[in-house]
Amino acid sequence: MDTQADIRRVLRALLGSQRLAVLSTHADGQPYASLVAFAGSDDLRSLYFVTPRTTRKFSNLQSDGRVALLVTTSANQECDIHQALAATVVGSAGEITGTEKEAALQRYLQKHPYLEDFARSPTSALVKVSARAYILVKNFQNVMELHLDP
């Protein structure tokens, strides 16, 4: 797997098959990690998650929108060292509103219909991560990168 098309194909399959990601934010020099349910766009440029506006992760990304998301196939098994895939998504995040929100929310709810009440709550924010790059790791140390044009 060394062509950009191959990397894109693997990333689409990974993002489509996994429901959860680890979100990394930071504030005041302190990193912070959170588990989020996410959905991604077919072009790999956008990922979406929902969070209450009262959370530390939301406060952190309002202060500084730079984020990373880790998506992995790991099942906490010994074989994961050689079989699991992991992708780090690097980008910027912010709440989406207006006309873009409903289409993004529909994509999110297609993957997570059991979260509809949470996602539509007036206290929840729909957050878009605009991906700049993906770092894909396969077989523990085979690292490939995909950089998206702005």
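Residues numbered from 1 in each chain as written. Predicted model: local features only at pLDDT ≥ 70, side-chain atom pairs only at ≥ 80, totals over all residues. Heavy atoms only, no water.

### What about the nonpolar core?
Of all hydrophobic cores here, the largest spans 30 residues; its most connected members are Leu 11, Leu 47, Leu 69, Tyr 134 and Leu 136. When residues in this core are grouped by element, the largest group, six residues, is from strand β6 (residues 124–138). The residues touching Tyr 134, leaving out its near neighbours within four places in the chain, are Leu 11, Leu 15, Leu 44, Leu 47, Thr 88, Val 89, Met 144, Glu 145, Leu 146 and Leu 148. Counting twelve residues, the second largest nonpolar core, distinct from the first, contains Ala 37, Tyr 48, Val 50 and Ile 96. (Core = buried A, V, L, I, M, F, W, Y, C linked by side-chain atoms within 4.5 Å. Buried < 20%, exposed > 50% of the residue type's maximum accessible area, 1.4 Å probe, protein only. Helix = DSSP H or I, 4+ residues; strand = E, 2+ residues; numbered from the N terminus. Contact = heavy atoms within 4.5 Å.)

### A closer look at the pattern of salt bridges
Inspection of every chain in the model, using the stated rule, returns six salt bridges. Residue Arg 53 is joined to Glu 95 by a salt bridge in which the shortest nitrogen-to-oxygen separation is 2.6 Å. Here Arg 53, found in the loop between β3 (46–52) and α2 (56–63), pairs with Glu 95, found in strand β5 (residues 85–95); they are 42 residues apart in sequence, far enough to count as distant. Residue Arg 53 is classed as partly exposed on the basis of its relative accessible area, which comes to 32%. Salt-bridge contacts for Glu 102 lead to Arg 120; the nearest nitrogen and oxygen are separated by 3.4 Å. Separated by 18 residues along the polypeptide, Glu 102 in helix α4 (residues 99–111) and Arg 120 in helix α5 (residues 116–120) bring together distant segments of the chain. Judged by relative accessible area, Glu 102 falls into the partly exposed class, the value being 39%. Through salt bridges with shared partners, a single network forms among Glu 102, Glu 116 and Arg 120. (Salt bridge = Lys/Arg side-chain N within 4 Å of Asp/Glu carboxyl O.)

### As for the packing of aromatic side chains
What the rule picks out here adds up to zero aromatic pairs. Of note, Lys 111 hangs over the ring of Phe 38, and the distance from its end group to the ring centre comes to 4.1 Å. (Phe/Tyr/Trp six-rings, centres within 6.5 Å; stacked < 30°, edge-to-face > 60°. Lys NZ or Arg CZ within 6 Å of the ring centre and 35° of its normal.)

### A short note on the pairing of β3
In terms of burial, β3 is largely enclosed, as six of its seven residues are buried. Sheet analysis places strand β2 (residues 30–40) next to β3, joined by three bridges and oriented antiparallel. Paired with Ala 39 across the bridge in β3 is Tyr 48. Hairpin connection from β2 to β3: five residues lie between these consecutive antiparallel strands, with Leu 44 at a positive phi of about 70°. Sheet analysis places β3 next to β6, joined by seven bridges and oriented antiparallel. (Pairing = 2+ DSSP bridges.)

### As for the environment of Ala 87
Inspection of the secondary structure assignment puts Ala 87 in strand β5. In this structure, the C-alpha to C-alpha distance between Ala 87 and Arg 66, residues 21 residues apart in sequence, is 17 Å. Apart from the residues within four sequence positions on either side, Ala 87 is in contact with Leu 11, Leu 14, Leu 69, Leu 70, Val 71, Ile 135 and Leu 136.

### Describing the pairing of strand β4 (residues 66–72)
Along any regular strand the residues' side chains alternate between the sheet's two faces. Burial of the side chains of β4 is restricted to one face: Val 67, Leu 69 and Val 71 are buried, whereas none of Arg 66, Ala 68, Leu 70 and Thr 72 on the reverse face is. Pairing between strand β1 (residues 20–27) and β4: three bridges, direction antiparallel. Directly across from Ser 24, in β4, lies its bridge partner Ala 68. Strand direction decides the pairing type here: β4 and β5, joined by seven bridges, are antiparallel. Directly across from Leu 70, in β5, lies its bridge partner Thr 88.

Interpretation in functional terms is not warranted from these geometric data alone.
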